[in-house]
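A look at the structure
Okay, here's what each chain looks like letter by letter:
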Amino acid sequence: MSKHIIADPATGEPVCRCFKRCGGCQLQEAYAGQLTYKQEKAERMLSKFAPVRPILGMEHPYHYRNKVQNLFGRDGKGRIISGIFQSTGQKLVATDDCMLEDERAAPIIRTLKKLMHDLRIQPYDLRTGTGLLRHTLIRTSASAGEVMLVLVTASAMLPSKNNLVKALCKAHPEITTIVQNICPDGRPLTLGTRSITLFGSGTITDELCGCRFRISPASFYQVNPAQTERLYRCAVDAADIREGVTVIDAYCGTGTIGMICAKQGASVIGVEQNPDAVRDAAANAKLNRLSSIRFCRDDAGKFMEQLAAEGGHCDVLIMDPPRAGASPAFLRSAAILRPKKIVYVSCKIETLERDLLQLKKSGYQVTMIQPVDMFPHTTGIETVCLLEYRKSAPAKKHK
Ligand code: SAH
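The rules behind the values
- Residues numbered from 1 in each chain as written.
- Predicted model: local features only at pLDDT ≥ 70, side-chain atom pairs only at ≥ 80, totals over all residues.
- Heavy atoms only, no water.
- Near = heavy atom within 4 Å.
- Polar contact = N/O pair within 3.5 Å; in protein donor to acceptor, adjacent residues only side chain to side chain.
- Areas by Shrake-Rupley, 256 points an atom, 1.4 Å probe, with all protein chains shown as cover.
- Nonpolar A, V, L, I, M, F, W, Y, C, P; charged D, E, K, R; others polar.
- Core = buried A, V, L, I, M, F, W, Y, C linked by side-chain atoms within 4.5 Å.
- Buried < 20%, exposed > 50% of the residue type's maximum accessible area, 1.4 Å probe, protein only.
- Helix = DSSP H or I, 4+ residues; strand = E, 2+ residues; numbered from the N terminus.
- Domains from an automatic or database assignment.
- Salt bridge = Lys/Arg side-chain N within 4 Å of Asp/Glu carboxyl O.
- Phe/Tyr/Trp six-rings, centres within 6.5 Å; stacked < 30°, edge-to-face > 60°.
- Pairing = 2+ DSSP bridges.
- Axes fitted to C-alpha atoms, helices over the stretch in contact; angles between N-to-C directions.
- Contact = heavy atoms within 4.5 Å.
- Buried area = accessible area lost by both parts, 1.4 Å probe.

Examining the site of the ligand
Near the ligand there are 15 residues, and of these Tyr232, Glu272, Asp299, Ala300 and Asp320 occur at the shortest range. Contact between the ligand and glutamine 273: a nitrogen atom at 3.3 Å from a main-chain N or O atom of the residue. Within the complex, the protein chains bury 88% of what would otherwise be the 570 Å² of accessible surface of the ligand. Residues of the shell around the ligand, tallied by class, amount to 6 nonpolar, 5 polar and 4 charged.

See the structure below:
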């Protein structure tokens, strides 16, 4: 634990100095209390479908984030500061000792701030549109010990580029790749479409559930590796994958869950709309020597509609949509394809509840609900649900 973090004398648990100001965490009660809060919420919203299993919490719920983003600005004295935007406004809050982030990130950011000063690299000012460095993204891999630094700049011109890269690599031999991403406009913390690899391969590789995954700067990748293993294990076990089973892995990202199913003998199609993630997914299939998985770059709803129109089939549908949940077209088509099992991995319990209600109307019964604490100290709840098709849909009530 970082030496700057103070322990609460009553609970012995760490207290973050930035809590409330930065907005990254929303819960700061003792960890056991956080788990109770999440369990109760999951039960309140989902126990009408099936009993909710006890939430899987972390043993050490700190410094779990393998993805760290920092914005840059200047304080009142003109010194370069880094952090994230305040939850309530547009003020940059310095977060030098975040309790959630991988501890390898903060020293790199400290070095970068010093180099920005020495090499006269200006932080980008969102209000005036001047300056260069918009934000940084650091991705770390726990299993392979790799570290990727992405410098997101407002223009391609990066002064003293070679000196900057050399100095960063010298101070931090743990950095395995440095990428410059050019993002001339857009909201804070977004990435532009153009990337230039300044050092290393431009990607990092991580290992989960016995598979290796190559990850590009823009691809989605779960942020809590220890809990992701448990989440994926739970999803794949629920799907009961055997040799020859056909699987659709919808919203597949870099192909992670589908790849684990393919390794167990399933024949898999992964669907994902982010082109970088699809490219990574295809490379990951090769990396893992899997020939029974392929990927389709498409909107998951459109893909399912087309498959349903063609009279397609799958035994198991795995779906891991973003917070907005699945689209009505997706759910309608899932009901037409009628897989025996649907494994729904959700990062937002409100949309999960909405979509489960819809699937229930189409004849599915929820038979397992497992919350997993992927985001300690935040209100986020990740849940795996298993739905199984029951021949007759629930009878309609007559008035
Ligand atoms: N299962 C993956 C990714 C889950 S995150 C994993 O565990 O890593 C959700 C993914 O859905 C993201 O990769 C996002 O790019 C993708 N996505 C969002 N909307 C989509 C849509 N309409 N169609 C297909 N993919 C979509």
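Notes on the nonpolar core
Note that soluble globular proteins tend to have their nonpolar side chains buried in a common cluster. One finds Ile241, Val247, Met259, Ile293, Phe295 and Val343 to be the most contacted residues of the largest nonpolar core, which totals 55 residues. A total of 7 residues in this core trace back to one element, the largest contributor, which is helix α4 (residues 225-239). Taken domain by domain, the makeup of this core includes at least three residues from each of domain 1 (31-59 + 224-389) and domain 2 (67-208). Judged by nonpolar contacts, the second largest core, of 36 residues, contains Ile269, Met304, Leu337 and Ile342.

Looking at the pattern of salt bridges
Counting across every chain of the model gives 16 salt bridges. With a closest N to O distance of 2.8 Å, aspartate 373 and lysine 38 form a salt bridge. Of this pair, aspartate 373 sits in the loop between β17 (364-372) and β18 (382-389) while lysine 38 sits in helix α1 (residues 31-46); the two residues are 335 residues apart in sequence, bridging distant segments of the chain. Using a relative accessible area of 0% as the deciding quantity, one classes aspartate 373 as buried. Owing to a relative accessible area of 0%, lysine 38 belongs among the buried residues under this scheme. With its nearest N and O atoms 2.9 Å apart, the salt bridge here joins aspartate 240 to arginine 242. Classification of aspartate 240 as partly exposed rests on a relative accessible area of 32%.

A look at the packing of aromatic side chains
Counted by the stated rule, this structure contains 2 aromatic pairs. A ring pair is formed by tyrosine 251 and phenylalanine 330, whose centres lie 5.3 Å apart and whose planes are at 45°; its orientation type is tilted. With tyrosine 251 in the loop between β12 (246-250) and α5 (256-263) and phenylalanine 330 in helix α8 (residues 328-337), this residue pair connects regions lying 79 residues apart in the sequence. Here tyrosine 251 and phenylalanine 330 have matching classes, each one buried. Aromatic side chains tyrosine 364 and tyrosine 389 sit 5.3 Å apart centroid to centroid with 70° between the ring planes, which places their arrangement in the edge-to-face category. Here tyrosine 364, found in strand β17, pairs with tyrosine 389, found in strand β18; they are 25 residues apart in sequence, far enough to count as distant.

Focus: the sheet that holds strand β13 (residues 267-272)
In spatial order, the strands read β14-β13-β12-β15-β16-β18-β17; together these 7 strands make up an open sheet with mixed pairing. If you trace the sheet from one side to the other, it starts and ends with β14 (293-297) and β17, each paired once. Neighbour to neighbour, the strand axes of the sheet diverge by 15° on average, direction disregarded. Here β12 runs beside β13; their pairing, made up of 5 bridges, is parallel. Across the sheet, aspartate 249 pairs through a bridge with glycine 270, a residue of β13. The strands touched by helix α6 (residues 275-287) within the sheet are β13 and β14, with β14 carrying the most contacts at an inclination of about 170°. Running over the sheet, helix α9 (residues 349-361) touches β16 (341-346), β17 and β18 and is turned about 165° from β16.

So, the domain arrangement of the protein chain
Assigned domains within the protein chain: domain 1 (31-59 + 224-389) and domain 2 (67-208). The interface is formed by 8 residues belonging to domain 1 together with 5 residues belonging to domain 2. For the pair domain 1 and domain 2, the summed buried area comes to about 500 Å², and 82% of that belongs to carbon and sulfur atoms. When the area that domain 1 buries against domain 2 is broken down by residue, the three leading residues are Pro225, Glu229 and His377, summing to 55%. Between domain 1 and domain 2 we count 0 salt bridges in total. For the pair domain 1 and domain 2, the number of links is 0 residue pairs in polar contact (both at pLDDT 80 or more). With 4 residues, the single largest contributor to the side of domain 1 that touches domain 2 is α4.

Let's talk about the environment of alanine 239
Considering the arrangement of structural elements, one finds alanine 239 in helix α4. The spacing of alanine 239 and leucine 317 is 78 residues in sequence and 8.5 Å in space, taken between C-alpha atoms. With residues near it in sequence (within four places) discarded, alanine 239 still touches Val316, Lys341 and Val343.

A word on the side chain of aspartate 102
Along the chain, aspartate 102 turns up in the loop between β5 (92-94) and α2 (105-119). In this view, aspartate 102 contacts His63, Arg65, Val68 and Thr140; residues no more than four positions away in its chain are not counted.

Some points on the sheet that holds strand β4 (residues 80-85)
With mixed pairing, 7 strands are arranged side by side in an open sheet as β5-β4-β3-β6-β7-β8-β9. The open sheet has two edge strands, β5 and β9 (194-199), and neither has a second partner. Adjacent strand axes in the sheet meet at a mean angle of 35°, parallel and antiparallel pairs treated alike. In terms of strand pairing, strand β7 (residues 147-153) meets strand β8 (residues 177-182) through 6 bridges, oriented parallel. Across the sheet, the residue bridging to threonine 153 is isoleucine 182, located in β8.

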